[in-house]
Amino acid sequence: MSQITDTYLIPEQYKSEVDLVRKTAREFAQRYFTKELAHKIDKEEAFPWDLYKKAGELGLIGSTIPTEYGGAGFSTEIVSAVITEELIRADTTLGQCILSGAFGLGVLYLFGTEEQKKQYIPPVVRGEKTFFLALTEPEHGSDITELSTVAKKDGDYFILKGIKTFITNAPTAEYGIVLAQTEPEKKYRGQTLFLIHTDWPGVEIKPLKGKMGQRGSPIGEIRLDNVKVPKENIVGGEKEYNMGFYRALQYLNIGRTHVGAVALGMMLNAFDKAFEYAQKRIQFGKPIIEHQLIQQKLAEMIQLIDLSRLAVYRAHLILDDYIKGLVEPRTMAAISSITKTFVTESATKVIDHAIQILGGGGYMEEFEVERAWRDHRVTRIYEGTTEINLLTIVDAVRRGYFKL
Ligand SMILES: Cc1cc2nc3c(=O)[nH]c(=O)nc-3n(C[C@H](O)[C@H](O)[C@H](O)COP(=O)(O)OP(=O)(O)OC[C@H]3O[C@@H](n4cnc5c(N)ncnc54)[C@H](O)[C@@H]3O)c2cc1C
(Lines give C-alpha, C1' and ligand atoms only; values in the text may rest on other atoms or scores of the structure.)
Protein backbone atom coordinates (compact mmCIF):
# COMPACT_ATOMS: atom_id res chain seq x y z
CA MET A 1 0.00 0.00 0.00
CA SER A 2 1.34 3.39 -0.91
CA GLN A 3 2.26 5.65 1.94
CA ILE A 4 0.69 8.65 0.19
CA THR A 5 -2.66 6.92 -0.25
CA ASP A 6 -2.71 5.96 3.42
CA THR A 7 -1.73 9.33 4.81
CA TYR A 8 -4.22 11.46 2.91
CA LEU A 9 -7.50 9.80 3.93
CA ILE A 10 -8.34 8.51 0.48
CA PRO A 11 -11.52 6.39 0.73
CA GLU A 12 -10.87 2.66 0.62
CA GLN A 13 -12.82 2.11 -2.60
CA TYR A 14 -10.58 4.52 -4.55
CA LYS A 15 -7.18 3.44 -3.25
CA SER A 16 -6.33 0.97 -6.00
CA GLU A 17 -7.30 3.42 -8.80
CA VAL A 18 -5.32 6.20 -7.18
CA ASP A 19 -2.24 4.02 -6.70
CA LEU A 20 -2.48 2.79 -10.29
CA VAL A 21 -2.62 6.26 -11.84
CA ARG A 22 0.14 7.57 -9.60
CA LYS A 23 2.37 4.77 -10.83
CA THR A 24 1.32 5.24 -14.46
CA ALA A 25 1.84 9.01 -14.42
CA ARG A 26 5.18 8.67 -12.65
CA GLU A 27 6.45 6.09 -15.12
CA PHE A 28 5.20 8.16 -18.04
CA ALA A 29 7.14 11.18 -16.80
CA GLN A 30 10.27 9.14 -16.13
CA ARG A 31 10.13 7.73 -19.63
CA TYR A 32 9.31 10.81 -21.72
CA PHE A 33 10.21 13.96 -19.75
CA THR A 34 13.71 15.24 -20.28
CA LYS A 35 15.39 18.39 -19.11
CA GLU A 36 16.39 19.15 -22.71
CA LEU A 37 12.81 18.90 -23.98
CA ALA A 38 11.55 21.08 -21.14
CA HIS A 39 14.15 23.77 -21.87
CA LYS A 40 13.38 23.66 -25.59
CA ILE A 41 9.62 24.01 -25.00
CA ASP A 42 10.21 26.83 -22.51
CA LYS A 43 12.57 28.69 -24.87
CA GLU A 44 10.63 28.20 -28.08
CA GLU A 45 7.13 28.57 -26.59
CA ALA A 46 6.15 25.46 -28.57
CA PHE A 47 3.38 23.05 -27.58
CA PRO A 48 4.77 19.48 -27.15
CA TRP A 49 2.31 17.67 -29.44
CA ASP A 50 4.14 14.30 -29.32
CA LEU A 51 4.04 14.20 -25.56
CA TYR A 52 0.39 15.29 -25.48
CA LYS A 53 -0.61 12.52 -27.91
CA LYS A 54 1.26 9.90 -25.90
CA ALA A 55 -0.46 11.07 -22.70
CA GLY A 56 -3.83 10.84 -24.47
CA GLU A 57 -3.13 7.27 -25.60
CA LEU A 58 -2.42 6.31 -21.98
CA GLY A 59 -5.64 7.84 -20.63
CA LEU A 60 -3.87 10.64 -18.77
CA ILE A 61 -6.07 13.31 -20.41
CA GLY A 62 -9.74 13.21 -19.42
CA SER A 63 -9.10 10.45 -16.92
CA THR A 64 -12.56 10.75 -15.35
CA ILE A 65 -14.49 11.26 -18.60
CA PRO A 66 -16.62 8.13 -19.22
CA THR A 67 -15.34 5.63 -21.79
CA GLU A 68 -18.34 6.27 -24.08
CA TYR A 69 -16.79 9.69 -24.81
CA GLY A 70 -13.30 8.26 -25.17
CA GLY A 71 -12.15 8.95 -21.60
CA ALA A 72 -10.47 6.54 -19.20
CA GLY A 73 -13.61 6.35 -17.04
CA PHE A 74 -11.99 6.47 -13.60
CA SER A 75 -14.51 6.84 -10.81
CA THR A 76 -13.11 9.71 -8.75
CA GLU A 77 -11.72 13.18 -9.44
CA ILE A 78 -8.88 12.36 -7.00
CA VAL A 79 -7.42 10.43 -9.92
CA SER A 80 -7.19 13.59 -12.01
CA ALA A 81 -5.57 15.40 -9.06
CA VAL A 82 -2.96 12.69 -8.71
CA ILE A 83 -2.15 12.65 -12.44
CA THR A 84 -1.74 16.43 -12.37
CA GLU A 85 0.37 16.33 -9.22
CA GLU A 86 2.68 13.61 -10.53
CA LEU A 87 3.21 15.00 -14.04
CA ILE A 88 3.85 18.52 -12.80
CA ARG A 89 6.03 17.31 -9.94
CA ALA A 90 8.23 15.62 -12.56
CA ASP A 91 8.42 18.77 -14.69
CA THR A 92 6.42 21.96 -14.19
CA THR A 93 6.50 22.98 -17.86
CA LEU A 94 5.91 19.64 -19.59
CA GLY A 95 3.37 18.43 -17.04
CA GLN A 96 1.42 21.67 -17.25
CA CYS A 97 1.27 21.53 -21.06
CA ILE A 98 -0.32 18.09 -20.99
CA LEU A 99 -2.87 19.11 -18.38
CA SER A 100 -3.89 22.39 -19.99
CA GLY A 101 -4.42 20.95 -23.49
CA ALA A 102 -7.99 19.96 -22.64
CA PHE A 103 -8.81 23.08 -20.61
CA GLY A 104 -12.54 23.83 -20.69
CA LEU A 105 -13.59 20.43 -22.00
CA GLY A 106 -15.48 19.85 -18.75
CA VAL A 107 -18.02 22.48 -19.83
CA LEU A 108 -18.95 20.31 -22.78
CA TYR A 109 -18.99 17.16 -20.70
CA LEU A 110 -21.25 18.69 -18.05
CA PHE A 111 -23.57 20.79 -20.18
CA GLY A 112 -23.24 19.66 -23.81
CA THR A 113 -25.85 17.71 -25.77
CA GLU A 114 -25.24 14.01 -26.39
CA GLU A 115 -24.29 14.73 -30.04
CA GLN A 116 -21.88 17.51 -29.04
CA LYS A 117 -20.20 15.28 -26.48
CA LYS A 118 -19.85 12.34 -28.87
CA GLN A 119 -18.44 14.52 -31.65
CA TYR A 120 -16.11 16.88 -29.80
CA ILE A 121 -14.82 15.16 -26.64
CA PRO A 122 -13.09 11.97 -27.94
CA PRO A 123 -10.42 13.63 -30.17
CA VAL A 124 -9.36 15.83 -27.24
CA VAL A 125 -9.06 13.09 -24.63
CA ARG A 126 -7.16 10.96 -27.17
CA GLY A 127 -4.61 13.78 -27.31
CA GLU A 128 -5.27 14.54 -30.98
CA LYS A 129 -6.79 17.97 -30.44
CA THR A 130 -6.70 20.74 -27.86
CA PHE A 131 -9.70 22.74 -26.62
CA PHE A 132 -10.45 26.25 -25.37
CA LEU A 133 -12.90 28.08 -23.14
CA ALA A 134 -13.00 31.77 -23.99
CA LEU A 135 -14.46 34.00 -21.28
CA THR A 136 -11.95 36.85 -20.88
CA GLU A 137 -12.02 39.97 -23.06
CA PRO A 138 -9.72 42.98 -23.28
CA GLU A 139 -12.21 45.05 -21.21
CA HIS A 140 -13.66 42.24 -19.07
CA GLY A 141 -11.41 39.98 -16.96
CA SER A 142 -12.42 39.49 -13.33
CA ASP A 143 -15.80 40.99 -14.08
CA ILE A 144 -17.55 39.11 -16.88
CA THR A 145 -21.07 40.05 -15.79
CA GLU A 146 -21.34 42.23 -18.90
CA LEU A 147 -19.49 41.25 -22.08
CA SER A 148 -18.58 43.14 -25.24
CA THR A 149 -18.76 40.00 -27.38
CA VAL A 150 -22.31 39.77 -28.71
CA ALA A 151 -24.25 37.02 -30.49
CA LYS A 152 -27.25 38.30 -32.47
CA LYS A 153 -29.96 35.88 -33.54
CA ASP A 154 -30.45 35.70 -37.31
CA GLY A 155 -32.87 32.92 -38.34
CA ASP A 156 -31.26 29.56 -37.58
CA TYR A 157 -27.92 31.22 -36.82
CA PHE A 158 -26.26 33.54 -34.34
CA ILE A 159 -23.82 36.18 -35.57
CA LEU A 160 -20.86 36.52 -33.19
CA LYS A 161 -18.82 39.70 -32.94
CA GLY A 162 -16.13 40.59 -30.41
CA ILE A 163 -12.66 39.85 -29.07
CA LYS A 164 -11.56 37.26 -26.50
CA THR A 165 -8.07 37.45 -25.06
CA PHE A 166 -5.51 35.38 -23.07
CA ILE A 167 -7.26 32.22 -24.27
CA THR A 168 -5.36 29.02 -23.50
CA ASN A 169 -4.94 26.77 -26.57
CA ALA A 170 -6.48 29.30 -28.99
CA PRO A 171 -3.43 29.00 -31.31
CA THR A 172 -3.52 25.17 -31.44
CA ALA A 173 -7.21 24.28 -31.09
CA GLU A 174 -9.57 23.49 -33.96
CA TYR A 175 -12.60 24.19 -31.80
CA GLY A 176 -13.69 25.43 -28.40
CA ILE A 177 -16.29 27.42 -26.48
CA VAL A 178 -16.97 31.15 -26.44
CA LEU A 179 -19.17 33.03 -23.96
CA ALA A 180 -21.17 35.79 -25.61
CA GLN A 181 -23.86 38.28 -24.73
CA THR A 182 -27.11 37.13 -26.37
CA GLU A 183 -29.30 39.73 -24.66
CA PRO A 184 -27.05 42.63 -23.59
CA GLU A 185 -29.72 44.42 -21.54
CA LYS A 186 -30.04 41.34 -19.29
CA LYS A 187 -26.29 41.45 -18.47
CA TYR A 188 -25.13 38.13 -16.93
CA ARG A 189 -28.64 36.71 -17.24
CA GLY A 190 -28.39 37.13 -21.01
CA GLN A 191 -25.19 35.23 -21.89
CA THR A 192 -24.82 32.01 -23.90
CA LEU A 193 -22.00 29.52 -24.56
CA PHE A 194 -21.29 28.65 -28.21
CA LEU A 195 -19.14 25.93 -29.73
CA ILE A 196 -17.11 27.43 -32.55
CA HIS A 197 -14.46 26.20 -35.01
CA THR A 198 -11.35 28.28 -35.55
CA ASP A 199 -11.39 27.77 -39.34
CA TRP A 200 -14.85 29.30 -39.75
CA PRO A 201 -15.08 32.53 -41.81
CA GLY A 202 -14.60 35.59 -39.61
CA VAL A 203 -12.55 33.82 -36.90
CA GLU A 204 -9.01 35.12 -36.55
CA ILE A 205 -6.51 33.80 -34.00
CA LYS A 206 -3.56 35.89 -32.89
CA PRO A 207 -1.01 33.99 -30.76
CA LEU A 208 0.18 35.97 -27.73
CA LYS A 209 3.87 35.32 -27.11
CA GLY A 210 6.17 36.35 -24.30
CA LYS A 211 4.56 34.77 -21.23
CA MET A 212 6.56 34.69 -17.99
CA GLY A 213 6.02 30.95 -17.55
CA GLN A 214 3.94 27.99 -18.73
CA ARG A 215 5.45 28.90 -22.06
CA GLY A 216 4.68 25.58 -23.74
CA SER A 217 0.98 26.16 -23.22
CA PRO A 218 0.01 28.64 -25.94
CA ILE A 219 -2.44 31.46 -25.38
CA GLY A 220 -4.02 33.76 -27.95
CA GLU A 221 -6.55 36.36 -28.89
CA ILE A 222 -9.71 35.25 -30.71
CA ARG A 223 -11.23 37.87 -33.00
CA LEU A 224 -14.80 37.19 -34.06
CA ASP A 225 -15.93 39.27 -37.01
CA ASN A 226 -19.58 38.47 -37.78
CA VAL A 227 -19.05 34.73 -37.38
CA LYS A 228 -22.11 32.71 -38.42
CA VAL A 229 -22.82 30.04 -35.77
CA PRO A 230 -25.66 27.51 -36.25
CA LYS A 231 -28.14 27.55 -33.36
CA GLU A 232 -27.38 23.84 -32.81
CA ASN A 233 -23.97 25.01 -31.56
CA ILE A 234 -25.32 26.51 -28.37
CA VAL A 235 -23.61 24.34 -25.75
CA GLY A 236 -26.39 22.08 -24.49
CA GLY A 237 -28.84 23.14 -27.21
CA GLU A 238 -31.57 25.78 -27.20
CA LYS A 239 -32.70 25.07 -23.64
CA GLU A 240 -29.31 26.46 -22.53
CA TYR A 241 -29.94 29.84 -24.19
CA ASN A 242 -29.00 32.61 -21.72
CA MET A 243 -27.56 30.09 -19.23
CA GLY A 244 -23.90 30.69 -20.22
CA PHE A 245 -22.75 32.81 -17.29
CA TYR A 246 -24.12 30.33 -14.75
CA ARG A 247 -22.59 27.37 -16.59
CA ALA A 248 -19.21 29.08 -16.81
CA LEU A 249 -19.20 29.72 -13.07
CA GLN A 250 -20.35 26.17 -12.32
CA TYR A 251 -17.45 24.90 -14.42
CA LEU A 252 -14.96 27.24 -12.75
CA ASN A 253 -15.68 25.45 -9.46
CA ILE A 254 -14.03 22.45 -11.09
CA GLY A 255 -11.31 24.38 -12.91
CA ARG A 256 -10.25 26.21 -9.76
CA THR A 257 -10.01 22.94 -7.85
CA HIS A 258 -7.82 21.57 -10.65
CA VAL A 259 -5.55 24.63 -10.38
CA GLY A 260 -4.96 23.59 -6.77
CA ALA A 261 -3.55 20.28 -8.04
CA VAL A 262 -1.37 22.15 -10.55
CA ALA A 263 0.13 24.37 -7.83
CA LEU A 264 0.61 21.32 -5.57
CA GLY A 265 2.67 19.63 -8.29
CA MET A 266 4.73 22.78 -8.72
CA MET A 267 5.63 23.08 -5.04
CA LEU A 268 6.55 19.40 -4.87
CA ASN A 269 8.82 19.91 -7.87
CA ALA A 270 10.64 22.78 -6.16
CA PHE A 271 10.76 21.01 -2.80
CA ASP A 272 12.34 17.87 -4.31
CA LYS A 273 15.14 19.95 -5.80
CA ALA A 274 15.73 22.02 -2.67
CA PHE A 275 15.70 18.98 -0.36
CA GLU A 276 18.28 17.17 -2.50
CA TYR A 277 20.46 20.25 -2.80
CA ALA A 278 20.35 20.98 0.94
CA GLN A 279 21.79 17.53 1.67
CA LYS A 280 24.63 17.88 -0.82
CA ARG A 281 25.71 21.49 -0.56
CA ILE A 282 28.47 21.98 2.02
CA GLN A 283 28.95 25.36 3.70
CA PHE A 284 30.73 26.07 6.98
CA GLY A 285 31.97 22.47 6.97
CA LYS A 286 28.62 20.67 6.85
CA PRO A 287 25.65 20.10 4.52
CA ILE A 288 23.45 23.19 4.63
CA ILE A 289 20.53 21.00 5.79
CA GLU A 290 22.36 20.85 9.13
CA HIS A 291 21.92 24.62 9.54
CA GLN A 292 18.75 25.30 11.51
CA LEU A 293 17.63 28.26 9.44
CA ILE A 294 17.58 25.97 6.37
CA GLN A 295 15.63 23.38 8.39
CA GLN A 296 13.11 26.06 9.31
CA LYS A 297 12.48 26.75 5.62
CA LEU A 298 12.21 23.04 4.83
CA ALA A 299 9.80 22.53 7.72
CA GLU A 300 7.55 25.32 6.47
CA MET A 301 7.69 23.87 2.95
CA ILE A 302 6.73 20.41 4.24
CA GLN A 303 3.82 21.80 6.26
CA LEU A 304 2.44 23.76 3.35
CA ILE A 305 2.77 20.86 0.92
CA ASP A 306 1.21 18.40 3.34
CA LEU A 307 -1.81 20.60 4.10
CA SER A 308 -2.16 21.63 0.45
CA ARG A 309 -2.34 17.99 -0.55
CA LEU A 310 -5.07 17.34 2.00
CA ALA A 311 -6.99 20.36 0.72
CA VAL A 312 -6.58 19.31 -2.91
CA TYR A 313 -7.68 15.71 -2.36
CA ARG A 314 -10.61 16.77 -0.19
CA ALA A 315 -11.82 19.25 -2.80
CA HIS A 316 -11.50 16.67 -5.59
CA LEU A 317 -13.44 14.15 -3.52
CA ILE A 318 -16.25 16.68 -3.02
CA LEU A 319 -16.14 17.37 -6.78
CA ASP A 320 -17.33 13.80 -7.35
CA ASP A 321 -20.63 14.64 -5.63
CA TYR A 322 -20.75 18.11 -7.15
CA ILE A 323 -20.53 16.68 -10.67
CA LYS A 324 -23.43 14.36 -9.80
CA GLY A 325 -25.45 17.45 -8.77
CA LEU A 326 -25.34 16.59 -5.05
CA VAL A 327 -23.47 19.69 -3.86
CA GLU A 328 -24.87 23.24 -4.02
CA PRO A 329 -22.74 25.23 -6.54
CA ARG A 330 -22.06 28.08 -4.08
CA THR A 331 -20.86 25.59 -1.47
CA MET A 332 -18.54 24.09 -4.07
CA ALA A 333 -17.46 27.60 -5.04
CA ALA A 334 -16.31 28.22 -1.46
CA ILE A 335 -14.42 24.91 -1.29
CA SER A 336 -12.72 25.39 -4.65
CA SER A 337 -11.79 29.01 -3.90
CA ILE A 338 -10.40 28.08 -0.46
CA THR A 339 -8.35 25.35 -2.12
CA LYS A 340 -7.11 27.47 -5.02
CA THR A 341 -6.10 30.45 -2.90
CA PHE A 342 -4.48 28.42 -0.12
CA VAL A 343 -2.52 26.13 -2.42
CA THR A 344 -1.43 28.70 -5.01
CA GLU A 345 -0.37 31.24 -2.37
CA SER A 346 1.46 28.44 -0.50
CA ALA A 347 3.21 27.49 -3.75
CA THR A 348 4.66 30.98 -3.94
CA LYS A 349 6.12 30.61 -0.42
CA VAL A 350 7.43 27.08 -1.05
CA ILE A 351 9.07 27.86 -4.38
CA ASP A 352 10.55 31.07 -2.99
CA HIS A 353 12.11 29.07 -0.15
CA ALA A 354 13.46 26.58 -2.70
CA ILE A 355 15.14 29.39 -4.64
CA GLN A 356 16.67 30.69 -1.40
CA ILE A 357 17.97 27.25 -0.41
CA LEU A 358 19.68 26.88 -3.78
CA GLY A 359 21.36 30.26 -3.30
CA GLY A 360 22.79 31.73 -6.52
CA GLY A 361 21.90 28.52 -8.34
CA GLY A 362 18.27 29.12 -7.46
CA TYR A 363 18.31 32.18 -9.66
CA MET A 364 19.75 30.35 -12.67
CA GLU A 365 17.74 28.44 -15.25
CA GLU A 366 20.07 25.43 -15.07
CA PHE A 367 18.84 24.54 -11.56
CA GLU A 368 15.20 24.70 -12.68
CA VAL A 369 13.50 26.09 -9.57
CA GLU A 370 13.64 29.37 -11.49
CA ARG A 371 11.34 27.75 -14.09
CA ALA A 372 9.01 26.42 -11.38
CA TRP A 373 8.76 29.99 -10.08
CA ARG A 374 7.85 31.35 -13.51
CA ASP A 375 5.47 28.47 -14.22
CA HIS A 376 3.59 28.70 -10.93
CA ARG A 377 3.05 32.45 -10.76
CA VAL A 378 0.00 32.60 -13.01
CA THR A 379 -1.88 30.07 -10.86
CA ARG A 380 -2.69 33.04 -8.60
CA ILE A 381 -4.13 34.93 -11.58
CA TYR A 382 -5.98 32.68 -14.00
CA GLU A 383 -9.36 31.07 -13.33
CA GLY A 384 -10.07 33.92 -10.96
CA THR A 385 -7.38 35.94 -9.22
CA THR A 386 -6.69 35.37 -5.53
CA GLU A 387 -8.60 38.56 -4.77
CA ILE A 388 -11.73 37.40 -6.61
CA ASN A 389 -11.58 33.96 -4.99
CA LEU A 390 -11.28 35.51 -1.53
CA LEU A 391 -14.43 37.53 -2.21
CA THR A 392 -16.19 34.31 -3.27
CA ILE A 393 -15.25 32.60 0.00
CA VAL A 394 -16.60 35.37 2.22
CA ASP A 395 -19.74 35.71 0.11
CA ALA A 396 -20.50 31.98 0.50
CA VAL A 397 -20.03 32.14 4.27
CA ARG A 398 -22.13 35.30 4.63
CA ARG A 399 -24.99 33.70 2.70
CA GLY A 400 -24.76 30.46 4.66
CA TYR A 401 -23.55 28.22 1.81
CA PHE A 402 -20.38 27.32 3.68
CA LYS A 403 -20.26 26.93 7.43
CA LEU A 404 -17.28 26.45 9.69
C1 LIG B 1 -1.54 32.36 -18.97
C2 LIG B 1 -2.98 32.76 -18.94
C3 LIG B 1 -3.95 31.88 -19.41
C4 LIG B 1 -5.29 32.25 -19.41
N5 LIG B 1 -6.23 31.41 -19.97
C6 LIG B 1 -7.52 31.82 -20.10
C7 LIG B 1 -8.49 31.01 -20.78
O8 LIG B 1 -8.19 29.92 -21.26
N9 LIG B 1 -9.76 31.48 -20.89
C10 LIG B 1 -10.14 32.69 -20.37
O11 LIG B 1 -11.30 33.06 -20.53
N12 LIG B 1 -9.24 33.49 -19.73
C13 LIG B 1 -7.95 33.08 -19.58
N14 LIG B 1 -7.02 33.88 -18.92
C15 LIG B 1 -7.45 35.17 -18.40
C16 LIG B 1 -7.50 35.21 -16.86
O17 LIG B 1 -8.55 34.40 -16.41
C18 LIG B 1 -7.63 36.68 -16.45
O19 LIG B 1 -6.39 37.30 -16.73
C20 LIG B 1 -8.00 36.85 -15.00
O21 LIG B 1 -9.31 36.40 -14.75
C22 LIG B 1 -7.87 38.30 -14.51
O23 LIG B 1 -8.48 39.18 -15.41
P24 LIG B 1 -7.66 40.47 -15.91
O25 LIG B 1 -6.34 40.00 -16.43
O26 LIG B 1 -8.52 41.23 -16.86
O27 LIG B 1 -7.40 41.32 -14.63
P28 LIG B 1 -8.40 42.40 -13.97
O29 LIG B 1 -9.74 41.81 -13.81
O30 LIG B 1 -8.29 43.66 -14.73
O31 LIG B 1 -7.76 42.57 -12.54
C32 LIG B 1 -6.59 43.36 -12.29
C33 LIG B 1 -6.32 43.32 -10.78
O34 LIG B 1 -7.42 43.90 -10.07
C35 LIG B 1 -7.89 42.97 -9.10
N36 LIG B 1 -9.34 43.13 -8.94
C37 LIG B 1 -10.30 43.14 -9.90
N38 LIG B 1 -11.50 43.25 -9.35
C39 LIG B 1 -11.32 43.32 -8.01
C40 LIG B 1 -12.17 43.43 -6.88
N41 LIG B 1 -13.51 43.47 -7.01
N42 LIG B 1 -11.62 43.46 -5.64
C43 LIG B 1 -10.28 43.40 -5.47
N44 LIG B 1 -9.40 43.28 -6.51
C45 LIG B 1 -9.92 43.24 -7.74
C46 LIG B 1 -7.53 41.61 -9.64
O47 LIG B 1 -7.50 40.63 -8.62
C48 LIG B 1 -6.16 41.90 -10.23
O49 LIG B 1 -5.21 41.87 -9.20
C50 LIG B 1 -5.67 33.51 -18.90
C51 LIG B 1 -4.69 34.39 -18.38
C52 LIG B 1 -3.37 34.02 -18.42
C53 LIG B 1 -2.34 35.01 -17.90
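Going by the structure above, here's the rest.
Residues numbered from 1 in each chain as written. Predicted model: local features only at pLDDT ≥ 70, side-chain atom pairs only at ≥ 80, totals over all residues. Heavy atoms only, no water.

## Focus: the environment of His 376
If you trace the backbone, His 376 turns up in helix α12 (residues 369-377). Among the residues examined, His 376 registers a relative accessible area of 0% and is labelled buried. Separated by 28 residues in the primary sequence, His 376 and Thr 348 have C-alpha atoms spaced 7.4 Å apart. With residues near it in sequence (within four places) discarded, His 376 still touches Met 266, Thr 344, Ala 347, Thr 348 and Ile 351. (Helix = DSSP H or I, 4+ residues; strand = E, 2+ residues; numbered from the N terminus. Buried < 20%, exposed > 50% of the residue type's maximum accessible area, 1.4 Å probe, protein only. Contact = heavy atoms within 4.5 Å.)

## Quick word on the site of the ligand
Near the ligand lie 20 residues; those nearest to it are Leu 135, Thr 136, Ser 142, Thr 168 and Thr 385. Contact between the ligand and Leu 133: a nitrogen atom at 2.8 Å from a main-chain N or O atom of the residue. Here Glu 387 contributes a side-chain N or O atom positioned 2.9 Å from an oxygen atom of the ligand. Within the complex, 64% of the 980 Å² of free accessible area of the ligand lies under protein. Where the shell around the ligand is concerned, the elements lending two or more residues are β1 (133-134), β3 (157-168) and α13 (386-398). Each of domain 2 (133-240) and domain 3 (244-398) accounts for three or more of the residues forming the shell around the ligand. (Near = heavy atom within 4 Å. Polar contact = N/O pair within 3.5 Å; in protein donor to acceptor, adjacent residues only side chain to side chain. Areas by Shrake-Rupley, 256 points an atom, 1.4 Å probe, with all protein chains shown as cover. Domains from an automatic or database assignment.)

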